[in-house]
Amino acid sequence: MSGEQQQFFDEMRDADGNVRPAYADYHSWLSEQEDGLMDRKHYEAESVFRRTGITFNVYGEDDAEERLIPFDMVPRIVSGAEWRKLSRGIDQRVRALNAFMHDLYHRQEIIRSGRLPERLFRQNAAWLPQMVGMTPPGGVYTHIVGVDLVRTGPDDFLVLEDNARTPSGVSYMLENRETMMAMFPELFSRVNVQPVADYPRRLAKSLAACAPEGAGSTPRIAVLTPGIYNSAYYEHAFLADQMGAELVEGSDLRVIGGKVQMRTTQGYEPIDVLYRRVDDDYLDPLTFNTDSVLGVPGIFDVYRAGNITIANAPGTGVADDKAIYSFMPEIVEFYTGEKPLLANVETYRCADPDSRKYVLENLADLVVKEVHGSGGYGMLVGPASTKEKIEEFRAKIKANPDNYIAQPTLSLSTCPIHTKSGLAPRHVDLRPFVLVSPNGVDITPGGLTRVALEEGSLVVNSSQGGGTKDSWVLAD
Amino acid sequence: MLGRTASGVFWLFRYLERAENTARLLEAGLRMALTRESEAASREWRSVVTTLGLKSAYEAQGGDYTNIDVCDFVLRASSNSESVLSMFERARTNARGSRTSLTREVWEAVNEGWMNLCELLDERIEERDLGRVLAAIRRESTIARGATHGSMMRNQIYSFARMGTFIERADNTARILDVKYYVLLPSLSYIGSAVDTGQWDNVLRSLSGERAYRWLNAGQMSAKSIADFLVLDSRFPRSLAFCYGAIRENMSELAKFHGEEREAHALMREADMRLFGQDIDAIFDRGLHQFILDFLATNRRISDAIAVDYRFAA
C-alpha cells in the first residue's frame, strides 16, 4: 500500500506517513478535535455561504442558476520558505509577461529574433490589432494575474496556466479565509498564517497607481460587470464593495467630453480606472462586437487618448493562449535575461509535425487542451477517457492541429479533504493572485486552492465539479 | 451613487413592502372568512383579490373564492406574476443588483428571507399552514426593515430605501381603503349602520390598525373616524399622512444632499396642500373615492418624478 500512496506527492504527509513540518501545528490541533466536529462545521459553513450569497452561476442549467462552490475545510498549507521561492518565480514570470505584451504590440523584437513564430499571435483570437502601437497608462498590461500552479514533488512547482485576461476566484480566497476564521478561531491563534484580507486594499492601491495622467490624487475606480446573471457576479460586487468602488454596468456608462462617465443620481461623473470583468469583445460595440450591450460605445477612443485605464488592458488575453504558454520559458529568458525560476509543464504543440505524431500515438496517456479553451471545457484527459472520446479528439487534432496542445498526465500533488469517512487525498492546484503597477509586482501570500472532489480526478475547475480550500502561507 | 443603484434600492423596498402588505391583507381576509358564513367569506375573498388588482388574472384561471385557492394563487401560483413569491424574488434581484449599496445585514436579511419563502412556498399550501406562512412573510419583511434601520448610514441610499417603502405603503393603504368602501359594501346606505361594523373592523385589520384605532377611539366605530384615522392621523405608521411625512422628510434629505430641489419636490408640496390641507369632513363632502383616486394618481406621479429626477434609467 505504501508504495501506491506515494504515487502522488501528499502535501500533508511524507512517504513514511510522517506529517510534514508545514502541517505540524494544524495536524496536532486536528488530532485533538472530537469526532463529528468537522461534519458540524461543514454544515455550518455551507449555510453561511448560502446566506451570504457566495455563489457562482452555472450557464445552461435552468434549475441551478446559482450554486455554491463546494468548500473543503482542511487548509492547504505552504511554508514560508516555499512561498518565498514561489514568489520570486511568479514575480519574474509576471514581469516577463508584461514586457512580452508591450513588445507584441510594439516592436515585436521576440518575433524578429526568431524566438517566437509570428503566426502564433496572428491566429490568436485574443490578439487585438487596435492595441498596436498603443501603450496603456503606466505601461501596465496585466494589472491582475492569476498564475495556476501545480506541484509534483517537494521542490517541483510547475506553472499550469497563466490567467492574464480576467482571472477570477479571488473572492473565494478571501471568503474561505473568513469562513475558516469564523469556524475555527482557536486554530488561528495556534498557527501563524499570513493574512490575505488586505487584498482589496492592495488592489485599489495598485489600480490607482495605474491611473492615467491628470486623474488627480484620488483616482476614481469602478468595477465593470456584465450584471447579476454573470457567473462571477458575486465576486464583482464583493470586490467593488471592499474597494469602496462603484460597481457599474455598461448601461451606466457613457462617453462624454472625452471621458468615460457614470450616471449617478447627481448627473454624470468621470471614471479614471475601470477594472473590467467583461471580455474584450464586449467592451466597445463601436470597436469590437457591434451587438454587445455590455460595454461602452466609444470607450476605446477614450482609452487611446489616454483618458482611462482599463484593467486588464485589452488584448492581454493573448498571453492566456496555451500555444503561447508553451513558449513561456523562452519568453521569460528573452525579457528578463534570466533562467525561469518556475518551470512549465512539458507541452507538445500539435501544430508541430513531430509533436503531433507523438501526441496522436500517445493520446491515451496525455491531456489534450484547446489552445483558446478555458475553464476545463474542450479537453481530453486520456487516461480517464473512453475509446470513443479519444478517437473523437484524434479526428479533431488531425482536422485542426493548430488548435491543440497536449501535456503528459501530471502526478498532481494531493491534499487531504474532509469526507464522511474521514480524511481522503484529492488532487489540488493553487492560484496565487498577482497585482502589477508601475510600483512593482505585489503578490498576496495565499491564493485559491482548487480541489478535485472526485477520487482520482485531475479536474479542479468549479464548472466541472471542483471545490476550493483555504490556502495558508505560514509566517515563519 | 449610480442612478441604477438608486432605482434598485428604491424598488427593493417597494417589493418588500408590497409583499408584507399582501400578507396583511390575506390575514385579514382569512380572519373574515373564518368568522362568516360561506357566501360572505367568498365576497370577502373577492374583495381581497380586487384590492390586489388580481381579479381578472384570478378569474382567468378559474379559481373559486375559497380560503386556500385564493391564498395559494396570491402567494405562489406560477400563473400569477404578481405573487408574493415573485415579489420577494424581485426584491432579491434588486438587492443583488445594488448589493454594493447595502450593508451585509440588509443583503443577508433579504437573501435569507427569499430562501426561507422559497422553501415555505415550494408546494401548494395546506390550509392549516396558512397562518404560519403569512406570519413568516411579515416577519421576513420586518427583519429586512429592521436591518435597514440598524445598519444603514443615513445617506441618500437610505433616503431612496425609505421613499420606496412609503410610496408603496401609501399606495397600498389607499387601495385597501378604497376597495373596502366601494367594492365590498353592497351599498353606500349601509355606511353607518351596524351591518358593516365587522367590515370596518376588517379594514383596520388589513392595515394592522385595529388595536391602535380602538385605543384611540374607545370602542366607537364610524366610517368617518376610521377614514380620519387612516388618512389623516400622522401617529399611525400606515396612514397616508404618516407615509407622506416620511416621504417628505427623506426627500428633503435628498435635496440637502444634492443641493437642490427637483420636480418631485414640487409635486410633493402640491400634493401636501391639496390632499392634506383639509379635514375629513371636507374629504367626505367631495367624496372619499374621488379623494383616493386623486391620491393614487399623485402618488404615482411622485414616484415617476423621483425616477426621472435621480436618473434611475439611462
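Residues numbered from 1 in each chain as written. Chains lettered and ligands numbered in written order. Predicted model: local features only at pLDDT ≥ 70, side-chain atom pairs only at ≥ 80, totals over all residues. Heavy atoms only, no water.

A. Looking closely at the overall build of chain A. Counting secondary structure elements, chain A contains 15 helices and 23 strands. Taken over C-alpha atoms, the radius of gyration comes to 23 Å for chain A, in line with the 23 Å a tight globule of 476 residues would show. Overall, the C-alpha framework of chain A stretches about 70 × 55 × 50 Å when taken along its three principal axes. Looking at chain A as a whole, 57% of its 476 residues are labelled buried. Contacts in chain A between residues at least 24 apart in sequence constitute 68% of all its contacts with a sequence separation of at least 6. On chain A, roughly 19,500 Å² of surface is accessible, and the fraction owed to carbon and sulfur atoms is 47%. (Helix = DSSP H or I, 4+ residues; strand = E, 2+ residues; numbered from the N terminus. Rg over C-alpha atoms; globule rule 2.2 N^0.38 Å. Buried < 20%, exposed > 50% of the residue type's maximum accessible area, 1.4 Å probe, protein only. Contact = heavy atoms within 4.5 Å. Areas by Shrake-Rupley, 256 points an atom, 1.4 Å probe, with all protein chains shown as cover.)

B. Structural context of the overall build of chain B. What chain B contains, in helices and strands, is 15 helices and zero strands. For 314 residues, the compact-globule estimate of 2.2 N^0.38 gives 20 Å, and chain B sits close to it at 19 Å. C-alpha extents for chain B along the principal axes are approximately 55 × 50 × 35 Å. Each of the 314 residues in chain B was classed as buried or not, and the buried ones make up 57%. Long-range contacts, defined here as pairs at least 24 residues apart, represent 67% of the contacts in chain B between residues at least 6 apart. Surface accessibility of chain B: about 13,000 Å² in total, with carbon and sulfur atoms responsible for 49%.

C. Here's a closer look at the domain arrangement of chain B. Residues and elements named next belong to chain B. Examined at the domain level, chain B breaks down into domain 1 (1–152) and domain 2 (154–314). Taking the mean C-alpha position of each, domain 1 and domain 2 sit 20 Å from one another. In this complex, domain 1 contributes 29 residues to the contact, which on the side of domain 2 involves 31 residues. Between domain 1 and domain 2 lies a buried interface of about 3,000 Å² when both sides are counted; carbon and sulfur atoms form 57% of it. If you look at where domain 1 meets domain 2, you find five salt bridges. Between Arg18 and Glu168 there is a salt bridge whose closest N-O contact spans 2.7 Å. Taken together, domain 1 and domain 2 are joined by 12 residue pairs in polar contact (both at pLDDT 80 or more). Sorting the residues of the side of domain 1 that touches domain 2 by element identifies α1 (3–35), α2 (38–51) and α7 (130–151) as the ones contributing at least two each. When residues in the side of domain 1 that touches domain 2 are grouped by element, the largest group, 17 residues, is from α1. Taken together, the residues of the side of domain 1 that touches domain 2 sort by class into nine nonpolar, nine polar and 11 charged. (Domains from an automatic or database assignment. Buried area = accessible area lost by both parts, 1.4 Å probe. Salt bridge = Lys/Arg side-chain N within 4 Å of Asp/Glu carboxyl O. Polar contact = N/O pair within 3.5 Å; in protein donor to acceptor, adjacent residues only side chain to side chain. Nonpolar A, V, L, I, M, F, W, Y, C, P; charged D, E, K, R; others polar.)

D. Fine view of the interface of chain A and chain B. Between chain A and chain B, the contact holds 28 residues from the first and 29 residues from the second. Buried area between chain A and chain B, both sides added, is near 2,300 Å², and the carbon and sulfur share of it is 46%. Of all residues in chain A, Arg51, Arg263 and Thr265 of chain A bury the most surface against chain B, accounting for 32% of the area lost on that side. Along the contact surface separating chain A from chain B lie five salt bridges. Arg4 of chain B is the salt-bridge partner of Asp252 of chain A, the closest N and O atoms lying 2.6 Å from each other. Our count for the contact surface shared by chain A and chain B stands at 19 residue pairs in polar contact (both at pLDDT 80 or more). At the level of elements, α3 (37–52), α10 (233–243), β7 (246–248) and β9 (259–264) of chain A are the ones that each hand at least two residues to the side of chain A that touches chain B. Examining the composition of the side of chain A that touches chain B, we find that five residues originate from one element, α10 of chain A, more than from any other.

E. Expanded view of the pairing of β9 of chain A. All names here are of chain A. In terms of burial, β9 is largely enclosed, as six of its six residues are buried. Burial of the side chains of β9 extends over both faces: Lys259, Gln261 and Arg263 are buried on one face and Val260, Met262 and Thr264 on the other. Taken together, the four bridges between strand β8 (residues 253–256) and β9 define a ladder with antiparallel strand orientation. Bridging across to β9, Arg254 finds its partner in Gln261. Linking β8 back to β9 in an antiparallel pair, the connection comprises two residues, with Gly257 at a positive phi of about 55°. In terms of strand pairing, β9 meets strand β10 (residues 267–270) through four bridges, oriented antiparallel. Across the sheet, residue Met262 finds its bridge partner in β10, namely Glu269. Here β9 folds back onto β10, and the loop between the two strands holds two residues. (Pairing = 2+ DSSP bridges.)

F. The arrangement of a negative patch on the surface in detail. A cluster of acidic side chains, namely Glu119, Asp122, Glu123 and Glu126 of chain B, defines a negative patch on the protein surface. Structurally, Glu123 of chain B can be placed in the loop between α6 (104–120) and α7. (Patch = residues over 30% accessible without salt bridge, like charges linked within 9 Å, V, L, I, M, F, W, Y side chains within 5 Å. Lys, Arg positive; Asp, Glu negative; His and termini not counted. Charge placed at Lys NZ, Arg CZ, Asp CG, Glu CD.)

G. Geometry of helix α9 (residues 199–208) of chain A. Within α9 of chain A, seven of the 10 residues are buried, which leaves the element mostly enclosed by the surrounding structure. Among all positions in α9 of chain A, only Tyr199, Pro200, Arg202, Leu203, Ala204, Ser206 and Leu207 of chain A are buried.

H. Structural view of the packing of aromatic side chains. Residue and element names in this part refer to chain A. Overall, the coordinates contain 28 aromatic pairs over all chains when judged by the stated rule. Note on Tyr234 and Phe238: the rings are 5.8 Å apart at their centroids and 35° apart in plane angle, and the pair reads as tilted. Of this pair, Tyr234 and Phe238 are both found in helix α10, four residues apart, which corresponds to roughly one turn of the helix. The buried category is assigned to Tyr234, whose relative accessible area is 4%. (Phe/Tyr/Trp six-rings, centres within 6.5 Å; stacked < 30°, edge-to-face > 60°.)

I. Summary view of the confidence of the model for chain B. A residue-level look at chain B finds 95% of positions with pLDDT of 70 or above and a mean pLDDT of 90. What the predictor reports for the complex is a pTM of 0.92 with an ipTM of 0.89. (pLDDT = per-residue confidence, 0-100.)

J. A look at the sheet that holds β8 of chain A. Residues and elements named next belong to chain A. Read from one edge of the open sheet, three strands run β8-β9-β10, paired in antiparallel fashion. Single-partner strands in this sheet number two, and they are β8 and β10. Geometrically, the sheet is characterised by an average inter-axis angle of 45° between neighbouring strands, direction not taken into account. (Axes fitted to C-alpha atoms, helices over the stretch in contact; angles between N-to-C directions.)

K. View of the environment of Ala227 of chain B. Counting through the fold element by element, Ala227 of chain B comes out in helix α11 (residues 223–232). Taking C-alpha positions, Ala227 of chain B is 19 Å from Val48 of chain B, a pair spaced 179 residues apart along the chain.

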